[in-house]
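Each chain is listed here by its residues.
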Amino acid sequence: MIETASATELQNSFGRYLNMVMGGDEVIITRNGKEVARLIPKKQTVSFLTDSLTGILQGYLDQGEVSDVARMEALREKYEISD
């Protein structure tokens, strides 16, 4: 399950959200309505990073001769990174 909490909610109820993460859930933390962080269980950390890197590397291989600018723009859009 994925739960969303504002930074204030997280601060006021940290134990509740920590227990959720320890139980295998993910918590998305927002500030001013925008996602700023995620809490995920430790056991999911390695697979999350591996999946992310695999996706990025596969994207580079699939794009062939696409310019670096186009690759960076695609990654910015995919991961919602603003300039």
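Residues numbered from 1 in each chain as written. Predicted model: local features only at pLDDT ≥ 70, side-chain atom pairs only at ≥ 80, totals over all residues. Heavy atoms only, no water.

Q: Would you take a moment to explain the environment of Ser6 for this structure?
A: Looking at the element boundaries, Ser6 is found in strand 1 (residues 2–6). Accessibility expressed as a relative area gives 24% for Ser6, which makes it partly exposed. (Helix = DSSP H or I, 4+ residues; strand = E, 2+ residues; numbered from the N terminus. Buried < 20%, exposed > 50% of the residue type's maximum accessible area, 1.4 Å probe, protein only.)

Q: I tried to follow the nonpolar core on my own but got confused; where do I start?
A: Note on soluble globular proteins: their nonpolar side chains tend to be buried together. Among the nonpolar cores identified, the biggest contains seven residues, and these are Ala5, Leu10, Tyr17, Met20, Val21, Val27 and Ile29. Among the elements of the structure, helix 2 (14–22) and strand 2 (26–31) are those that each provide at least two residues to this core. Top element by residues in this core is helix 2. It accounts for three residues. Dropping the residues within four chain positions of it, Ala5 is found in contact with Tyr17, Val27, Ile28, Ile29 and Thr30. (Core = buried A, V, L, I, M, F, W, Y, C linked by side-chain atoms within 4.5 Å. Contact = heavy atoms within 4.5 Å.)

Q: How should the side chain of Glu26 be read in this particular structure?
A: Note that Glu26 resides in strand 2. If sequence neighbours within four positions are ignored, Glu26 has contacts with Met1, Ile2, Glu3, Arg38, Leu39 and Ile40.

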